[in-house]
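# Descriptive structure summary
Residue-level listing of the chains:
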Amino acid sequence: MSQQTARRGGAAWALVITSVAGFMAALDNLVVTTALPSIRKDLGGALGDLEWTVSAYTLTFAVLLMFGAALGDRFGRRRLFLAGLTVFTGASAAAAMAPGIGSLIAARAVQGVGAAVMMPLTLTLLTAAVPAAKRGMAYGIWGAVNGLAVASGPLIGGSLTQHVSWHWIFWLNVPLGLALLPLARLRLAESHGAGAPLDVPGTLLASGGLFGIVYGLVRGPADGWSDTVVLTGLFAGAALLTAFVLYSTRAKNPMLPMRLFRSRAFSGINAASLLMFLGMFGSIFLLSQYMQGVLGYSPTEAGLRMLPWTGMPMLVAPIAGILSDRIGGRPVVATGLFLQAAGLACTAAVASADVSYAAQLPGLIVSGIGMALFFAPASHLVMSSVTPQEQGIASGANNALREVGGALGIAIMSSIFSARGGYESAQSFVDGLRPAVMTGSAVVALGAVAALLIPTRRRATPTAQETSPTGSAPVLEGAGS
């Protein structure tokens, strides 16, 4: 249990600071997608380079997220939040000034490091500042702001790219970061966690393994799947991830305790989350380029036309929450994933060099409804699949697996795209897009099957120690293993 050591500001300040910081980190997941054609035109680079402008951020964000939270617990959450925010803001400026595609990728990787330290600490700092009776409302506002970032990412990126320059998708973070730094220093209270030893070996094994696999998948289409470096990356990555799992089963304080996966509920929702983000991120990466490069939409028009998909959670999420409370999260999440899969399949089926937006709209809307039904119930399923003492680790693990899924999705679906098509002509792009997005649909459908493996809801009367932070009895949903 964390102990607050100072109280410098009120709950309102903490909510504003942590919500804006979370908005910045979440925005940079998708803000680049509609700017990719412009970045490619200005800086050059092949498909693999474009993949890394997105994956360099998501990958470093994913593998360091739990490590960043542990650093905050040990050395002070406000102190590490300020450090992560400083790194993120500086790396954003470096990305905006990048003279070439290589330096842009490097800056994006450093951005991910800053976000990995900053993002998980936003919730712990918010919890320390907000009274227990008001935390539910505070978490809801924080979550809504993060949802707005995901929904508006392609639109903001497209608008800035078209009307100013793609550089401003990164410059946008600089004034926000500079404004937050003194506010956080003055208004946030310092707090610490239990001070458990840092899991440096686990972090290195997971980071190296994921990097090797993603590198091999990105370079495979260009260098050939029999290339020595590609095969080395794939096999070494798989070996390192296997070593990470074995190490985590024996370590005293592992970054990700493998015992959590003995719970069928925890395993099922995390598998569903990874597969959902794999199919979704990979599809958005390709479809945003398709709308501009093939259909001829401007970056702003592409962002607006993707809103029925990316923006639908803002409208449907409250309904998903009500349904989850009444019938449980398992059927809502599974239904959402099946709808997301159906929407992607519909989008792939109608894709052509001259398809109308009216023909695309049903698939985008169905995908958006599916995404909206997934998010809120999935978070509840994660938190209710473990004991209250393990909820921080569980939340960090789920967020990390989502980011890993995004990075893998871009790599895998781009490999399929390259094998069947390319940038040579509109028809060539469509030839690669269709099987890639259809694969994304199949992967999300597998996620729905994984969600169905989650045990059905059962209610239990908790002991005093199991009572939630707000003092109310939590619903144990799928707590069995």
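Please read these numbers as outputs of a predicted model, since none were measured by experiment.

Here helix 3 (residues 47-75) spans 40 Å end to end across 29 residues, near enough to the 42 Å set by a 1.5 Å rise per residue. Leu 64 marks the point of greatest bend in helix 3, at about 50°. The buried count for helix 3 comes to 23 of 29 residues, which makes it a mostly enclosed element. One or two positions beyond helix 3, positive phi appears at Gly 76, with a value near 115°.

Moving on: the packing of aromatic side chains. Inspection of the entire model under this criterion finds 11 aromatic pairs. Between the aromatic rings of Trp 166 and Phe 170, the centroid separation amounts to 6.3 Å while the plane-to-plane angle is 85°, which identifies the pairing as edge-to-face. Given a relative accessible area of 2%, Trp 166 falls into the buried group. In this structure Phe 170 comes out as buried when scored by relative accessible area, which is 1%. The interplanar angle of 25° and the centroid separation of 5.9 Å between the aromatic rings of Phe 211 and Tyr 215 together place this pair among those described as stacked. Residue Phe 211 and its partner Tyr 215 are both found in helix 9 (residues 200-223); the two are separated by four residues, about one turn of the helix.

Caution applies to low-pLDDT regions: their predicted coordinates should not be interpreted in detail. Summarising the model, the chain shows a mean pLDDT of 83, and 89% of its residues fall at 70 or more. Long-range and interchain partners of residues 1-7, a stretch whose pLDDT sits below 50, account for 19 contacts in this model, where long-range means more than four residues apart. In this model residues 459-481 is a low-confidence stretch, pLDDT under 50, and it forms 46 contacts with partners more than four residues away in sequence or in other chains.

Tracing the backbone shows Gly 368 in helix 16 (residues 357-384). For the pair Gly 368 and Leu 339, spaced 29 residues apart in sequence, the C-alpha to C-alpha distance is 8.5 Å. Once you skip the residues sitting within four places of it in the chain, Gly 368 turns out to touch Pro 308, Trp 309, Met 312 and Pro 313.

In this fold, Gly 68 is placed in helix 3. Given a relative accessible area of 0%, Gly 68 falls into the buried group. Counting along the chain gives 12 residues from Gly 68 to Leu 80, while the straight-line C-alpha distance between them is 8.1 Å. With near-sequence residues (within four places) excluded, Gly 68 lies in contact with Ala 116, Val 117, Pro 120 and Leu 121.

Moving on, we get to the nonpolar core. Formed by 133 residues in total, the largest nonpolar core has its most connected members in Phe 81, Tyr 290, Trp 309 and Leu 337. Per-element tally for this core: the top contributor is helix 11 (residues 264-293), with 16 residues. Residues in contact with Trp 309, not counting those within four places in the same chain, are Met 280, Ser 283, Ile 284, Leu 287, Gln 340, Leu 344, Leu 364, Ser 367, Gly 368 and Met 371. Counting six residues, the second largest nonpolar core, distinct from the first, contains Met 312, Val 316, Ala 372 and Leu 373.

Turning our eyes to something else, we now look at the pattern of salt bridges. Tallying each qualifying case throughout the model produces one salt bridge. With its nearest N and O atoms 3.4 Å apart, the salt bridge here joins Asp 28 to Arg 108. Within this pair, whereas Asp 28 is found in helix 1 (residues 11-30), its partner Arg 108 is found in helix 5 (residues 101-129), the two being separated by 80 residues in sequence. When sorted by exposure, Asp 28 lands in the same class as Arg 108, which is buried.

Right, let's talk about the side chain of Ser 55 for a bit. Looking at the secondary structure, you find Ser 55 in helix 3. Look at Ser 55 and you get buried, because its relative accessible area is 0%. Not counting the four nearest positions on each side in its chain, Ser 55 is found in contact with Ala 407 and Ile 410.

The subject of this paragraph is the environment of Val 443. Secondary-structure assignment places Val 443 in helix 18 (residues 426-452). Assessed through its relative accessible area of 15%, Val 443 is described here as buried. On a C-alpha basis, the gap between Val 443 and Leu 278 in space is 7.4 Å, while along the polypeptide they are 165 residues apart. The contact partners of Val 443, leaving out residues within four places of it in the chain, are Leu 275, Leu 278 and Gly 279.

Turning our eyes to something else, we now look at the side chain of Asn 270. Within the secondary structure, Asn 270 is located in helix 11. Each residue touching Asn 270, except ones within four places of it in the same chain, is listed here: Ala 397, Asn 398 and Leu 401.

Between its first and last C-alpha atoms helix 15 (residues 329-350) spans 32 Å; for 22 residues at 1.5 Å apiece the expected length is 32 Å, and the two agree. Listing the buried residues of helix 15 in full gives Gly 329, Val 332, Val 333, Ala 334, Gly 336, Leu 337, Gln 340, Ala 341, Gly 343, Leu 344, Thr 347 and Ala 348.

About the cut-offs
Residues numbered from 1 in each chain as written. Predicted model: local features only at pLDDT ≥ 70, side-chain atom pairs only at ≥ 80, totals over all residues. Heavy atoms only, no water. Helix = DSSP H or I, 4+ residues; strand = E, 2+ residues; numbered from the N terminus. Expected span 1.5 Å × (residues − 1). Bend = angle between axes of the 7 residues up to and from the residue. Buried < 20%, exposed > 50% of the residue type's maximum accessible area, 1.4 Å probe, protein only. Phe/Tyr/Trp six-rings, centres within 6.5 Å; stacked < 30°, edge-to-face > 60°. pLDDT = per-residue confidence, 0-100. Contact = heavy atoms within 4.5 Å. Core = buried A, V, L, I, M, F, W, Y, C linked by side-chain atoms within 4.5 Å. Salt bridge = Lys/Arg side-chain N within 4 Å of Asp/Glu carboxyl O.

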